[in-house]
Structures are given as C-alpha cells and as structure tokens.
Amino acid sequence: MIDVFQDAQKLSLYLAYNVNVDAIVYLRKEHIEKLIRELGSENVRRRMEDYPREINEPIDFVARLIHALKTGKPMAVPLVNEEMHTWFDERFKYNVERIGGQVGIIANLLANLDFKKVIAYSPILAKRQAQMFVNKPNLLYPVVENGELVLKKPIEAYRENDPVKVNRIFEFRKGTRFKLGNEVIEVPHSGRFIVASRFESIRIETKEDLKPFLPKIGELVDGAILSGYQGIKKRYSDGKDANYYLRKAKEDIRLLKKNKDIKIHVEFASIQDRELRKKVIYNIFPLADSVGMDESEIAHILNSLGYPKLADRIFNYNRIEDTVLGGKIILDELNLEILQIHTIYYLMYITHKDNPLSEDELRQSLEIATTLAAARASLGDIKSPEDFKVGLRVPYNEYGEFVKLRFEEAKRKLRTREYKIVIIPTRLVKNPVSTVGLGDTISAGAFTSYLALLRRKGMY
Ligand SMILES: Nc1ncnc2c1ncn2[C@@H]1O[C@H](COP(=O)(O)OP(=O)(O)O)[C@@H](O)[C@H]1O
Ligand SMILES: O=P(O)(O)OC[C@H]1O[C@](O)(CO)[C@@H](O)[C@@H]1O
Ligand SMILES: [Mg+2]
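This report concerns the structure included in the present document.

Definitions and limits used
Residues numbered from 1 in each chain as written. Chains lettered and ligands numbered in written order. Predicted model: local features only at pLDDT ≥ 70, side-chain atom pairs only at ≥ 80, totals over all residues. Heavy atoms only, no water. Pairing = 2+ DSSP bridges. Helix = DSSP H or I, 4+ residues; strand = E, 2+ residues; numbered from the N terminus. Axes fitted to C-alpha atoms, helices over the stretch in contact; angles between N-to-C directions. Contact = heavy atoms within 4.5 Å. Phe/Tyr/Trp six-rings, centres within 6.5 Å; stacked < 30°, edge-to-face > 60°. Buried < 20%, exposed > 50% of the residue type's maximum accessible area, 1.4 Å probe, protein only. Right-handed = clockwise from strand over helix to strand, strands pointing away. Salt bridge = Lys/Arg side-chain N within 4 Å of Asp/Glu carboxyl O.

## What about the sheet that holds strand β5 (residues 117–121)?
Inference 1: Across the sheet, ten strands lie side by side as β7-β6-β5-β1-β12-β13-β14-β15-β16-β17; this open sheet has mixed pairing. The open sheet has two edge strands, β7 (148–152) and β17 (419–425), and neither has a second partner. The average undirected angle you get between the axes of adjacent strands in this sheet is 20°.
Inference 2: Bridge analysis of strand β1 (residues 12–16) against strand β12 (residues 223–226) gives four bridges, and the strand direction is parallel. In the sheet register, Y14 faces β12, and the bridge partner there is A224.
Inference 3: Where helix α14 (residues 359–379) meets the sheet, it contacts β15 (338–342), β16 (346–352) and β17, and its direction lies at approximately 35° from that of β17.
Inference 4: Taken strand by strand, helix α16 (residues 400–413) contacts β16 and β17, and its axis lies near 165° from that of β17.

Rendered as structure tokens:
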C-alpha cells in the first residue's frame, strides 16, 4: 500500500472552487440545552417538523442542528441571512479557526503529503484565507499577470478587497445527552453540522481573466478535484442564476480537458434545495469521471433521481445492500467511471466491470483513503507524509467483520455481475480531534491513489 501512496505523491492536481474559514465550535450539552431554553422546546420541535432548508432565523438553525444531533448524520445547511452573524458570535466562542472548503482542505493535505504540485483556485482569496494555506513551494495559486499565467504562493497572490467567507462548524460527539422537552436525546455518532454561508458576493466561477488558461492548467496537472457547486444560488440580484453558473462550470471542465484528457473528480456536498441539487447532478456529474459523497449525500441524490424510499432507507439505516443498490443507480444513470461513497463504518467503490483496476487494487486505494482520514482524525491535521503511519495504527471500527459479512450477503442478493464493487471498514478514531474535512481527505486519498494505480497499469 505504501508504494501506491508513494506513486500518488508524484502527481500534480488542480483544485477548484471553494476556500473558506471554518470557525469550529465543540458542542457541549450545555450549549444545546441553552439554545433550547432560549427558543422553547415546543417551538424547536415544531420547526424540526417543518425541516427548514435554509437558515433565516435562529429557530431554523436550532431545529436543523437538533435534527443532525438526533440522527448523528453529517449535514450542512445554508445561512442566507447576513444579520445572523451577530446572533452566532454572541452565543458561541469558536474553539478553532482553520482552513475549510474542499479546496482549502485538500490543498493543504496534498501539499503536506509532498505531492508534486497542487494548483488551488478559488474565485475569492482574501488575506485571511491566503494565510491559512500551508506555505510550501508545491502549493500554488493561479493568477494572470501581463496576459500570462503565473503560479504564485497564495500568500503572494491574495487580493485586499476580496470578501472572507466564514462557515460555522458544530462538532458533535457520540454519547452527548440532552433534553428536548421531556425527550432525552443521545447523539448516536460523532460528526459535524455545517452552517454554510451563502451570500451574493461569493460566486462559484473561474474569473474571466483565468478562463482562457484552463487548457494550459489541464496540461500542467494529472487530474482535477472540483467541488463548491453547492455554493451556487438559484438567483442573484443582478439577474444571473444557477443555470448561468452551471453553464460556466461545464465550460471549465471542457477547457481543463481540452489539451489533455485529465480525469475529473467531483466531491459532492450537501445541497438542501432539491431543484438546485438536481441541476448540479444533471449538469456536472456527466462530465466527471469520479464522484465522492457521504451517506447523507447519496440519500439526497437518490431522492433527486426519483428513489425516495431507497433514499430514506440509506439515510435511516445505512445498510450496505441499499448503498450498493443506490450506488449502481447513480453510476449508471449519470454514467460515471467510478463512484466512491464514504460512511461512518465503511468506504465503497462502485465501477463497471471493465474498469482496468482489479478489486484488490481498488481496495488498496480505499485503504489509503481511510488511513489518511484516521491520521487526520487522530492528529487534527496531516503535516507530513510521516503522519500516514499514525493512520495505520488506528484499528478498523468494531463493525468491521459485520461490514464484510453484510457485503457478501448483498452481493448474493443483488445483480452485481456487470460491476466491480469493493468495500472496506473504516479505521475509526474514538475521540477525533475534529471530523470536518475527513470526507474531503478520504476522497483526495482515494482519487489520487486511483490515478496512481491506473498510471502503473499504463492506463492513464
Ligand atoms: N472519528 C473518525 N475517524 C476516522 N474517520 C472518520 C471519523 N469520523 C468520520 N470519519 C470518516 O469521515 C467521513 C466524513 O465524511 P463527510 O461527511 O463527507 O465529511 P466532510 O464533508 O466534512 O469532509 C465519514 O464518512 C467517515 O468515513
Ligand atoms: O459549501 P461551502 O460553503 O464551500 O463549505 C463546504 C464545507 O465543507 C467542508 O469543506 C468539509 O467538507 C468544510 O470545510 C466547509 O465548511
Ligand atoms: Mg463531504
């Protein structure tokens, strides 16, 4: 496995579009009970039934937070009311502020793992975000100067007037118990609840000056990891809309592939609005080779594709058989080369039978992914390739054998002949430093090792 990891380090990657500041709160029982007291347990319960899909007022936040705590599922809900900044800041002291967004997290991870080159792009780059990137020669931000493409360290490329985007992350821990009225709730899994800022000023796009250089950037790298589409809004006050930005996003992928047929991984993230979610899936997935997502997200996607019952089963029971079935549907309907699903207890790849990698190789790639996540969960951050070993010391979760058994059962029940499907149990850290970004870490490890394995076989 180490040799595959070493081959992956030789790769160069392009990343776009989101770099945020994650302001993290470690949620305690007292925080939760105080919020419930402030807003009233009956009000919270009622709003939980309404299931608000964006945060406009405090009760929306508390309702969705409690829902996430009750299910123990990773969720993200957009914050659309800028006036709520003060409300949050008066109530929470942020324990940590660190780089966030798929680009921010994956850029620092790959740069610290000594990958050959990481070109990280975000349409906004304020000083605060630039300072959070690791300062290493292999992590660069693309700018256009005198009509030429120049790759600079983020700290030399930030723009004074760019907005800073702060997301609030609520880290919750398994076993936390609190009362909602007479109901005692115990959090079933550790995870994170993201309050994702969605404001007019931040557009998910490649700025016009850089756009003509995307084919050149494609030539410079071995693959691209794209994410951030979840930040597109339905409509903007200047008349632009989601269709406009998605058309631009499709153009970007075509340009990146224009001079060299690089593989594209799309890291999916929660999109609450059903219409928007559907648009992102139908516009972007068909242009991607590989897609990664967590268990809430696969359920959301299946809902959009018209499989609400299967979606509910996956969300509520996380059964392997259902995930295999759902994964096959997504792989086929959107015609992906490979789909990677990360859940609390297992990681899964689904590809078509003709994928050049063997099942054993696909498993190795997932092993690298979970090892990196375990290292990050143990240490908080991966600072050097040496940290990989820390992940290797984390044991598989206690349901490891059960996972394998259930998978064999699922394969017997379902038609799987036309596919290669592999599964591994996660190496699960009991008391993670934080969980936000572990999925991004898994997907970066999985996709880059997948590319490295293809390259070994002369297939890429
Ligand atoms: N304590 C932990 N130790 C190791 N891996 C973990 C731990 N908690 C979660 N993970 C892994 O991280 C994944 C989280 O992915 P995801 O929800 O996409 O997070 P994010 O979007 O914040 O990166 C889980 O599916 C699981 O595989
Ligand atoms: O959708 P947004 O606002 O770019 O935020 C994505 C969020 O997902 C993460 O990248 C984790 O996957 C967080 O670091 C970040 O806050
Ligand atoms: Mg994720």
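## Some remarks on the packing of aromatic side chains
Each aromatic ring pair is summarised here by two numbers: the centre-to-centre distance and the angle between the ring planes.
Inference 1: Per the counting criterion, the structure on display carries 18 aromatic pairs.
Inference 2: Where F88 meets F170, the ring centres are 6.3 Å apart and the plane angle is 40°; that geometry is what we call tilted. Here F88, found in helix α5 (residues 84–91), pairs with F170, found in strand β8 (residues 166–172); they are 82 residues apart in sequence, far enough to count as distant.
Inference 3: Residue class for F88 comes out buried when judged on its relative accessible area of 0%.

## Side note on the pairing of β12
Inference 1: Burial along β12 is two-sided: G223 and I225 and A224 and L226, pointing in opposite directions, are all buried.
Inference 2: Where β12 meets strand β13 (residues 263–267), four bridges bridge the pair, whose relative direction is parallel. Bridge pairing links G223 to K263 in β13.
Inference 3: Tracing the backbone out of β12, into helix α9 (residues 242–256) and back to the parallel element β13 gives a crossover that is right-handed.

## Details of the pattern of salt bridges
Inference 1: Counting across every chain of the model gives 43 salt bridges.
Inference 2: K248 is the salt-bridge partner of E208, the closest N and O atoms lying 3.0 Å from each other. Taken together, the residues E208 in the loop between β11 (191–197) and α8 (214–220) and K248 in helix α9 connect sequence positions 40 residues apart.
Inference 3: According to the relative accessible area criterion, K248 is buried, its value standing at 17%.
Inference 4: Here the residues in one salt-bridge network are D3, D7, K10 and R456, joined through shared partners.

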